[in-house]
Protein chains: 2
Amino acid sequence: MPDHTSPPDKRATIYDVAAEANVSPSTVSRAFSKPSRVNSETAERIRQVAERLGYRTNPLARALTTSRTHMIALVIADITNPVYAEIVRGAQEAAMSGEYTTVLIDAQESDRLERAAIERAMSTVDGIVLASSRMSDSAIRMFAKQRPVVVLNRAISDVPCVVTDNPRGVRRVAEHLGELGHDHITYVSGPQASWPNGTRWRALLEAGMELEIKVRQIGPFSPTIEGGERAAVELFARPATAVLAFNDQMAIGLIRGLNRMGVDVPGDVSIVGFDNIPAADIVTPGLTTVAAPLYAEGSAATRHLLTMIRGAHGHTGRPMVLPVRLVIRRSTATRNPSPGRARSPWVRQRPRPNPAARLS
Amino acid sequence: MPDHTSPPDKRATIYDVAAEANVSPSTVSRAFSKPSRVNSETAERIRQVAERLGYRTNPLARALTTSRTHMIALVIADITNPVYAEIVRGAQEAAMSGEYTTVLIDAQESDRLERAAIERAMSTVDGIVLASSRMSDSAIRMFAKQRPVVVLNRAISDVPCVVTDNPRGVRRVAEHLGELGHDHITYVSGPQASWPNGTRWRALLEAGMELEIKVRQIGPFSPTIEGGERAAVELFARPATAVLAFNDQMAIGLIRGLNRMGVDVPGDVSIVGFDNIPAADIVTPGLTTVAAPLYAEGSAATRHLLTMIRGAHGHTGRPMVLPVRLVIRRSTATRNPSPGRARSPWVRQRPRPNPAARLS
DNA sequence: CTGAAAGCGCTAACAC
DNA sequence: GTGTTAGCGCTTTCAG
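The model shown is predicted, which means the values in this text are computed figures rather than measured ones. (Residues numbered from 1 in each chain as written. Chains lettered and ligands numbered in written order. Predicted model: local features only at pLDDT ≥ 70, side-chain atom pairs only at ≥ 80, totals over all residues. Heavy atoms only, no water.)

1. Re the overall build of chain A
Assigned secondary structure in chain A consists of twelve helices and twelve strands. The proportion of buried residues among the 360 residues of chain A is 54%. Taking the intrachain contacts of chain A between residues at least 6 apart in sequence as the baseline, contacts between residues at least 24 apart amount to 70%. Accessible area for chain A stands at about 15700 Å²; split by element, carbon and sulfur atoms hold 52% of it. (Helix = DSSP H or I, 4+ residues; strand = E, 2+ residues; numbered from the N terminus. Buried < 20%, exposed > 50% of the residue type's maximum accessible area, 1.4 Å probe, protein only. Contact = heavy atoms within 4.5 Å. Areas by Shrake-Rupley, 256 points an atom, 1.4 Å probe, with all protein chains shown as cover.)

2. Overview of the interface of chain A and chain B
Taken together, the 64 residues of chain A in the interface contact 64 residues of chain B. Buried area between chain A and chain B, summed over both chains or domains, comes out near 5500 Å², and the portion from carbon and sulfur atoms is 57%. Counting every contact that joins chain A to chain B gives six salt bridges. Notably, a salt bridge pairs Asp106 of chain B with Arg89 of chain A, separated by 2.6 Å at the nearest N-O pair. The interface formed by chain A and chain B holds twelve residue pairs in polar contact (both at pLDDT 80 or more) in total. Mapped onto the side of chain A that touches chain B, the elements with two or more residues apiece are helix 4 (59-66), helix 5 (83-97), strand 2 (101-106), helix 6 (111-122), helix 7 (137-146) and helix 11 (248-260) of chain A. (Buried area = accessible area lost by both parts, 1.4 Å probe. Salt bridge = Lys/Arg side-chain N within 4 Å of Asp/Glu carboxyl O. Polar contact = N/O pair within 3.5 Å; in protein donor to acceptor, adjacent residues only side chain to side chain.)

3. So, the UniProt feature "domain: HTH lacI-type" (unreviewed entry) in chain A
UniProt records the feature "domain: HTH lacI-type" (unreviewed entry) for residues 12-66 of chain A in the present numbering. When the span residues 12-66 of chain A is considered, its composition is 69% helix and 0% strand, and the gap between its end C-alpha atoms is 21 Å. (UniProt positions renumbered as here; feature names shortened; annotations may be inferred.)

4. Observations concerning the protein's contact with DNA strand C
As a matter of local geometry, DNA strand C sits amid 25 residues, with Thr27, Arg30 and Asn39 of chain A together with Ile14 and Tyr15 of chain B nearest to it. A distance of 2.9 Å separates a phosphate oxygen of DNA strand C from a polar atom in the side chain of Arg62 of chain B. Those elements that provide at least two residues to the surface near DNA strand C are helix 2 (25-32) and helix 4 of chain A together with helix 1 (14-21), helix 2 (25-32) and helix 4 (59-66) of chain B. Residue contributions to the surface near DNA strand C peak at five residues, all from helix 4 of chain B. In terms of residue class, the surface near DNA strand C is built from eight nonpolar, 13 polar and four charged. (Near = heavy atom within 4 Å. Nonpolar A, V, L, I, M, F, W, Y, C, P; charged D, E, K, R; others polar.)

5. Concerning the sheet that holds strand 5 (residues 161-164) of chain A
Residues and elements named next belong to chain A. Taken in spatial order, the six strands line up as 2-1-3-4-5-11 in an open sheet, and their pairing is parallel. In the strand order of this sheet, the two ends are held by strand 2 and strand 11 (320-322), each with one partner. Within the sheet, the average angular offset between the axes of one strand and its neighbour, ignoring direction, is 20°. (Pairing = 2+ DSSP bridges. Axes fitted to C-alpha atoms, helices over the stretch in contact; angles between N-to-C directions.)

6. Thoughts on the packing of aromatic side chains
Each aromatic ring pair is summarised here by two numbers: the centre-to-centre distance and the angle between the ring planes. All names here are of chain A. Taken as a whole and assessed by the stated rule, the structure comprises four aromatic pairs over all chains. Summarising the aromatic geometry, the rings of Phe32 and Tyr55 are spaced 5.5 Å apart at their centres and angled 55° between planes, so their arrangement reads as tilted. On the criterion of sequence distance, the pair formed by Phe32 in helix 2 and Tyr55 in the loop between helix 3 (40-53) and helix 4 is long-range, its members being 23 residues apart. For Phe32, a relative accessible area of 31% translates into the label partly exposed. Here Tyr55 falls in the buried class, since its relative accessible area comes to 14%. A cation over a ring is seen here: Arg200 above Phe274, with NZ or CZ 3.7 Å from the ring centre. (Phe/Tyr/Trp six-rings, centres within 6.5 Å; stacked < 30°, edge-to-face > 60°. Lys NZ or Arg CZ within 6 Å of the ring centre and 35° of its normal.)

7. Regarding the protein's contact with DNA strand D
Neighbouring DNA strand D are 24 residues, the closest being Ile14 and Tyr15 of chain A together with Ser26, Thr27 and Arg30 of chain B. The protein-proximal atoms of DNA strand D, defined as those within 4 Å of the protein, are 58% sugar or phosphate. At 2.8 Å from a phosphate oxygen of DNA strand D is found a side-chain nitrogen or oxygen belonging to Ser29 of chain A. Of all elements in the fold, only helix 1 (14-21), helix 2 and helix 4 of chain A together with helix 2 and helix 4 of chain B reach the threshold of two or more residues within the surface near DNA strand D.

8. As for the relation of the copies chain A and chain B
Superposing the two chain copies requires a rotation about an axis and a translation along that axis. With an RMSD of 0.1 Å, chain A superimposes on chain B once it is rotated by 180° and translated 0.0 Å along the axis. The operation mapping one copy onto its partner corresponds to a two-fold rotation axis. An overlap of 100% is found between the interface residues of chain A and their copies at the interface of chain B, pointing to a shared contact surface. (Least-squares fit on C-alpha atoms with pLDDT ≥ 70 in both.)

9. Here's the deal with the pairing of strand 7 (residues 214-218) of chain B
Side chains on a regular strand alternate between the two faces of the sheet. Residues and elements named next belong to chain B. One ladder, built from five bridges, connects strand 6 (residues 184-188) with strand 7; its direction is parallel. When the sheet's bridge partners are listed, Ile185 is paired in strand 7 with Val215. Once the chain exits strand 6 it traverses helix 9 (residues 195-211) before rejoining the sheet at strand 7, and the crossover so formed is right-handed. (Right-handed = clockwise from strand over helix to strand, strands pointing away.)

Right under this line is the structure:
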């Protein structure tokens, strides 16, 4: 049984290899650097010896001299939110293939926590990907001054950004809802510190203008199922026939909350989400939502970060924008399906005993 | 606009502080170590100077001498699986409060990937938490020889483990199903490399024995919604009235797959999952499942790891076992509700147009 | 192409 | 308590 009281095994060092291979330590070092600037014959011998001794270059020592740790930080707003899973995967993959290790930081939707965690990791990483950061622009810029930073899902001038085409997504939602006969859309707002939240609302305002659809906003609510349930209560007091939620979790919460109060989705109200998380496909009714290329987001941001770390100037011009698409499921339907029923959509104000009668 | 071509700002070093405060570097060092073994007056002065100079101790350099990086690795089987979210949170929290940073590694359900990633991180971390590792026992033992390791959701002799009370959970499921009149339970198996998978099956065998319930197993399938859907097809060929799935994702996939084929849950078949992920509460019908204290798992494992890193011998006796509880929702029901209907549960072999008629 | 020497920023022995 | 002296394992000048 291993005893970990004392520091772990001393591994073979560069000196051991050097001695064994009859060369100087610096030659061993050179044999392991990128363009192996060593006589290919001795290089081979060195590699053999290293293999035999189980030598592994010590990243810490290397980092101390090169000031490159080969680690990047990936900060996400909330690990509990499934959207980040694919983003993390994309980032990991890109990092891996660039010989980089990823340190994941979960900000738990807290500005304060996020800053603290980044501050701690700062000196240990070569760069940072900020996915859906809740920090202020100025805080982000401050970090960006000390380390390469790429921001995901947010546009900040002077910092390289990767975003999805929110305006286009919202526009598609508005068109879709319009075609179904809705002339009024309620936006259920997420965290105010969230950049896409503001962007989506503004895009909706604009789309409403062009398509002659009235819009309004309620909230903010927490971007969770629970937040959506709370929104349902408020929505119940100020009825609507079509709702766009900040994200899928909120949309799912909305459906649940409304059902509980006897409101039928999509019979009484159509609901649209954002993100296309896996759960969007398993709720009843299936959630109409705007899908983003999550994996690509993580991967693009990370690749961009790596090029910056390697010396590029991070083209800070326009943010890189990734396409989205509208996924239509069952949570959206034509308004007032039965023509004779021109009443308010919220006719049944009393909870029905069983909300399962939505055969429509 | 910052130029990252050259290494980032040289930060103030211990020497700068020493010079400014008129003390030796080692004194500065001492002033920053745990029991600050320095004249409290000069300690204060040093701290002031450090503050003014924006001095931050360089963790890399520190690690080089102490061989303690203050980082641990947390390896999870699949970041896409929501169970890990809370585990990660628990681990992060525990790590944080122990002044440790967590490096998250997503193994993507791949033995190979897992090993590779750990090998890369190995020399950079002081210890490892292996959550639901897919590696062989011997591989794990090998790592455990080089670094402190705590294994989560798996029992391996000679390595400290934290597990949940799978046998008890399964037992409760069997009892519950038995009370509902089921005399036969089908276990839908997950990954064979998964320890809890085998454990749960064996526990079911045993419980079946005692409670006089017949059991059988199908699979293995991938532990995802898709895997569950595939299992549904196989299940359709060999009907059952009660099913225990390896995890919630599979259970949800099962429900979907069965519904699609015209089989009603829980009317025709009762389904139970494992884990109580958030989605278990939002599917229709709500999923009966075995809940584990996810956050506590992550936190316990990590705290244990930290004590080992600090020199304890990792009491390798029995694994630490955490309690579970059965969460009963709508996916389980009494067998053959209408007494006159003593037919096979799979009477409707043709897909029904609408599976919503489950008012039970 | 290779060796020698210096040092990254910090801590750990030792002395005083 | 505090200063002095060596390094941790590697890279990087600078010579040859």
